[in-house]
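# Structure assessment
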Amino acid sequence: MPRRGGGTGTGRIRRLVKHVMLILVGTVMIYPLLWMVASAFKPDALIFRDPSLLPTDIDLSHFPNGWSALAHPFSVYLLNSAIVVLGALIGNLVSCSMTAYAFARLRWRGRKVSFAIMLLTLMVPIYVILVPQYVAFSQIGWVNTFLPLIVPKFLATDAFFVFLMVQFFRGLPRELDEAAKIDGAGYWRIFFRILLPISVPALATTAIFTFVWTWNDFFAQLIYLTKPEMQTAPVALRNFVDATAGASWGSLFAMSIVTLIPVFIVFLVGQKYLVKGIATTGLK
Amino acid sequence: MTKTGRRMSAAARQEERAAWMLMAPWFLGVVAVTLGPLLASLYLSFTDYNLLSAPEWVGLENYAEMLRDTRLHKALAVTATYTFVSVPLMLAVALALAMLLNRGIKGLAFYRSVYYLPSLLGGSVAVGVLWRQVFGIEGLVNQFLGLFGIEGPGWIANPDTALISLILLHVWTFGSSMVIFLAGLRQIPEHLYEAAALDGASKREQFRHVTVPMLTPIIFFNMVLGIINSFQTFTQAFVVSGGTGGPSDSTLLYSLYLYSEAFGRLHMGYASAMAWLLVVIVGVLTAINFYFSKRWVFYSDGN
């Protein structure tokens, strides 16, 4: 089918109108973020008087001030977040891929029932298991450690990613496994040497979403990490709101930006996988 | 015959053993982290429990209390308003922009990235902090309105408008739904449009009779997910309202009330009962969605 509207006047105008609309919507959406960045470089007195993005008067003190505004330097909270994210990342990659391989490729008794249960756990609101989980973890002394945030990830409890990888493995040709089996390879060998190396897209999508969700996660970190030295960046940032009580929006914005930068970098690097991942499974 | 049969079963046994080893973490997770706590929470919902002393069986008292608890009713109303306004609004915006972006537009990747970015950031505390300022009395929104001589309210501080800021925050994260719609639009076979065009259908008629019916499974999917997620929203309401759900409980989302009951007042039994009500609500809403989906969701394979 030939593309229409190549050179005609109305086609060009229509396209122009479209682009103007798209740019307008995009600007409205991104403006608050840019305004936050600009505000972090403005003197406090100017933040709410000057909505423009280019500061007339640059103030670089917000970053060092914000960094040391709480009980510990902000690096402590960022490091805590990084530990939790790294643990969750490794846990999800290992456990979800193992589970997905068994679901997608092996025949065993109870597979269908287990798969149905796995799908069902996707629907369970997190709050219904959080209270007993909290009770259990506090009884074994795991409150104010990173364990409640990391250990469950090693048990394939993020059913989303199991599902994502099952879908991916099912799309791979079975001949790969069969050929390896004829060559005498066992199941673990097939899994590690054949399937995982060609599953980089699914693993990358899992890694990226685990990173973003765990980095942004607030509820679990809020209830489990109450000691200042154990707190993660989101929890610290939230305490910062109370601590400053509006005294210095500049420092608050500066630290907000610091917590957003890792997600932004992952977004830039991993866009390709993000878009594919959402389109195939409907992840957030 | 018997020989191959035995060999087969040996291979099958080996396969079975490998599977159970691979599945071991998941089984442990289901028992210890998911289903176990699920049952425990059902039990706790019939008890009075404050973490410090042993749970005390109270039968249906927590559920009876929920019927009387006006604050809970307020939380349900706030959550329902939040969900049923923000989800359709978000899906409409997502669909409209997906339509605009679909027809081989220049700069698609760029627009898609710009629109998608807020979905990644929207759940963070940092954006909650930003939202407090954007909708504050001197915030960006009022500065903008000021350009036209309109004096806006203190959106966050006013019970009538506080929820609006949360709804707009949810709509702001339409990007992920938009990406799903874009993928869906690409699946619609071109020949359907050609056939419609041959029959003299206008662009608008093509949209109504080809695009929308073919997209209904995806709209449905997005809606179910959107409703389930938005009933569980916590971070944004917590940060924007300073942890209180205020002013006057106007942003008291269900999860926020549950949090304050469980971890603020240590009413673990009552919070468990609330969590089970949430399970029922989400279950019923999903069932209703599926029931009505037969009337409007169109599956091209005839099911």
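Just so we're clear, the structure is a prediction, and the values are computed from it rather than from any experiment.

This paragraph deals with the overall build of chain A. In terms of regular secondary structure, chain A is built from 14 helices and zero strands. From first element to last, N terminus to C terminus, chain A shows the α and β order α-α-α-α-α-α-α-α-α-α-α-α-α-α. If you line up chain A on its principal axes, its C-alpha atoms span 70 × 70 × 35 Å. Expressed as a percentage of the 284 residues in chain A, the buried residues total 51%. In chain A, of all internal contacts separated by at least 6 residues, the share reaching a separation of at least 24 is 69%. Here chain A has roughly 13100 Å² of accessible surface; of this, 68% comes from carbon and sulfur atoms. Across chain A, the centroid of the 24 positively charged side chains sits 16 Å from that of the 12 negatively charged ones.

What follows deals with the interface of chain A and chain B. Taken together, the contact pairs 85 residues of chain A with 91 residues of chain B. Carbon and sulfur atoms make up 77% of the area that chain A and chain B hide from each other, which totals about 7900 Å². On inspection of chain A and its partner chain B, the count reaches two salt bridges. For the salt bridge of Arg107(A) with Glu15(B), the shortest nitrogen-to-oxygen distance reads 3.6 Å. At the boundary of chain A and chain B, one finds 12 residue pairs in polar contact (both at pLDDT 80 or more). It is helix 14 (residues 249-281) of chain A that provides the largest number of residues to the side of chain A that touches chain B, a total of 15 residues.

Quick look at the side chain of Thr232(A) now. Residues and elements named next belong to chain A. Looking at the secondary structure, you find Thr232 in the loop between helix 12 (219-224) and helix 13 (233-244). By relative accessible area, which is 0% here, Thr232 ends up buried. A polar side-chain atom of Thr232 sits 2.6 Å from a polar atom in the side chain of Gln221. Among all residues touching Thr232, those that are not within four sequence positions of it are Tyr77, Asn80, Ser81, Val84, Gln221 and Leu225.

Turning to the domain arrangement of chain B, a few remarks are in order. Think of interface size as the accessible area that goes away when the parts come together; that is how it is often given. Residue and element names in this part refer to chain B. Splitting chain B by domain gives domain 1 (2-44) and domain 2 (62-296). If you average the C-alpha positions of domain 1 and of domain 2, the two centres end up 38 Å apart. The interface is formed by four residues belonging to domain 1 together with four residues belonging to domain 2. Interface of domain 1 and domain 2: buried area, both sides summed, is about 410 Å²; carbon and sulfur atoms make up 60% of it. For the domain 1 face of the interface with domain 2, the top three residues by lost area are Ser41, Leu42 and Leu44, together amounting to 83%. There are zero salt bridges connecting domain 1 and domain 2. Taken together, the connections running from domain 1 to domain 2 amount to one residue pair in polar contact (both at pLDDT 80 or more).

What follows covers the UniProt feature "transmembrane region" (unreviewed entry) in chain B. Residue and element names in this part refer to chain B. Here the UniProt-annotated "transmembrane region" (unreviewed entry) positions come out as residues 20-46, 75-101, 113-131, 162-185, 212-231 and 273-292. As annotated, residues 162-185 comprises 92% helix and 0% strand, and the C-alpha atoms at either end are separated by 35 Å. In this annotation, residues 212-231 is assigned 100% helix and 0% strand; the end-to-end C-alpha distance for the span is 26 Å.

Each neighbour pair has its own omega, and for Gly246(B) with Pro247(B) the value is -5°, a cis peptide bond. Of note, Asn144(A) is a non-glycine position whose phi angle comes to about 65°, a positive value. Unusually for a residue other than glycine, Ala156(A) sits at a positive phi of about 55°. Its location among the elements puts Ala156(A) in the loop between helix 7 (147-150) and helix 8 (159-170). For Ala156(A), a relative accessible area of 2% translates into the label buried.

All names here are of chain A. Under the counting rule described, the total for this entry stands at nine salt bridges over all chains. Here Arg105 and Asp177 are joined by a salt bridge, their closest N and O atoms 2.7 Å apart. Taken as a pair, Arg105 in helix 4 (residues 74-105) and Asp177 in helix 9 (residues 175-182) lie far apart in primary sequence, 72 residues in all. Since its relative accessible area comes to 6%, Arg105 is described here as buried.

Once that is clear, we can look at the packing of helix 3 (residues 70-102) of chain B against helix 8 (residues 175-187) of chain B. Residues and elements named next belong to chain B. Following both chains from N to C, one finds helix 3 and helix 8 inclined at 45°, their axes separated by 8 Å at the closest point. When the axes of helix 3 and helix 8 are compared, the pair comes out oblique. The two elements helix 3 and helix 8 meet at a crossing, and its hand is right-handed. Every residue of helix 8 that contacts helix 3 at Met90, Leu91, Ala94, Leu95, Leu97, Ala98, Met99, Leu101 and Asn102 is listed here: Ser177, Met178, Phe181, Leu182 and Leu185. Of the residues belonging to the contact of helix 3 with helix 8, the class tally is 12 nonpolar, two polar and no charged.

Moving on, we get to the UniProt feature "domain: ABC transmembrane type-1" (unreviewed entry) in chain B. Residues annotated in UniProt with the feature "domain: ABC transmembrane type-1" (unreviewed entry) correspond here to residues 76-289 of chain B. Split by type, residues 76-289 of chain B is 74% helix and 0% strand. Its first and last C-alpha atoms lie 19 Å apart.

The next subject is empty space enclosed by the protein. Once rolled over the atoms, a probe with the size of a water molecule shows which space is left empty. Taken as a whole and assessed by the stated rule, the structure comprises one cavity of 30 Å³ or more. Taken as a whole, the largest cavity holds about 50 Å³ of empty space. Around the largest cavity sit Trp215(A), Asn216(A), Pro234(A), Leu237(A), Thr259(A), Leu260(A), Ser124(B), Val125(B) and Ala126(B), which together line it. Looking at the lining of the largest cavity, the elements that each hand over two or more residues are helix 11 (200-216), helix 13 and helix 14 of chain A together with helix 5 (125-134) of chain B.

On to the nonpolar core, then. In this structure, Tyr115(B) and Met178(B) are the most contacted members of the largest nonpolar core, which totals 182 residues. Here this core gets 14 residues from one element, more than from any other, and that element is helix 14 of chain A. Taken domain by domain, the makeup of this core includes at least three residues from each of domain 1 (2-44) and domain 2 (62-296) of chain B.

Applying the stated rule across the entire model yields 48 aromatic pairs over all chains. Both rings, one in Trp131(B) and one in Trp172(B), keep their centres 5.1 Å apart while their planes meet at 50°; by these two values the pair is tilted. Taken together, the residues span a long stretch of sequence, with Trp131(B) in helix 5 and Trp172(B) in helix 7 (residues 162-172) at a distance of 41 residues. Of the residues examined, Trp131(B) reaches a relative accessible area of 4% and is grouped as buried. Three or more aromatic residues joined by ring pairs form one cluster here, namely Tyr127(A), Tyr134(A), Phe137(A), Trp142(A), Phe218(A), Phe219(A), Tyr224(A), Phe234(B), Phe238(B), Tyr259(B) and Phe263(B).

What follows is about helix 4 (residues 108-121) of chain B. Residues and elements named next belong to chain B. The end-to-end C-alpha distance of helix 4 is 21 Å, a good match for the 20 Å that 14 residues give at a rise of 1.5 Å each. At Tyr115, helix 4 shows its largest bend, some 25°, and a proline, Pro118, comes one to four positions later. Among the 14 residues in helix 4, 12 count as buried, and that is most of the element.

What counts, and where the lines are drawn
- Residues numbered from 1 in each chain as written.
- Chains lettered and ligands numbered in written order.
- Predicted model: local features only at pLDDT ≥ 70, side-chain atom pairs only at ≥ 80, totals over all residues.
- Heavy atoms only, no water.
- Helix = DSSP H or I, 4+ residues; strand = E, 2+ residues; numbered from the N terminus.
- Buried < 20%, exposed > 50% of the residue type's maximum accessible area, 1.4 Å probe, protein only.
- Contact = heavy atoms within 4.5 Å.
- Areas by Shrake-Rupley, 256 points an atom, 1.4 Å probe, with all protein chains shown as cover.
- Lys, Arg positive; Asp, Glu negative; His and termini not counted.
- Charge placed at Lys NZ, Arg CZ, Asp CG, Glu CD.
- Buried area = accessible area lost by both parts, 1.4 Å probe.
- Salt bridge = Lys/Arg side-chain N within 4 Å of Asp/Glu carboxyl O.
- Polar contact = N/O pair within 3.5 Å; in protein donor to acceptor, adjacent residues only side chain to side chain.
- Domains from an automatic or database assignment.
- UniProt positions renumbered as here; feature names shortened; annotations may be inferred.
- Axes fitted to C-alpha atoms, helices over the stretch in contact; angles between N-to-C directions.
- Parallel < 35°, antiparallel > 145°, perpendicular 65-115°, else oblique.
- Left-handed = near helix turned anticlockwise from the far one by under 90°.
- Nonpolar A, V, L, I, M, F, W, Y, C, P; charged D, E, K, R; others polar.
- 1 Å grid on protein atoms, 1.4 Å probe; cavity = no way out; pocket = protein on both sides within 12 Å on 5 of 7 lines; lining within 4 Å.
- Points joined across faces, edges and corners; volume = space filled by probe spheres on them.
- Core = buried A, V, L, I, M, F, W, Y, C linked by side-chain atoms within 4.5 Å.
- Phe/Tyr/Trp six-rings, centres within 6.5 Å; stacked < 30°, edge-to-face > 60°.
- Expected span 1.5 Å × (residues − 1).
- Bend = angle between axes of the 7 residues up to and from the residue.

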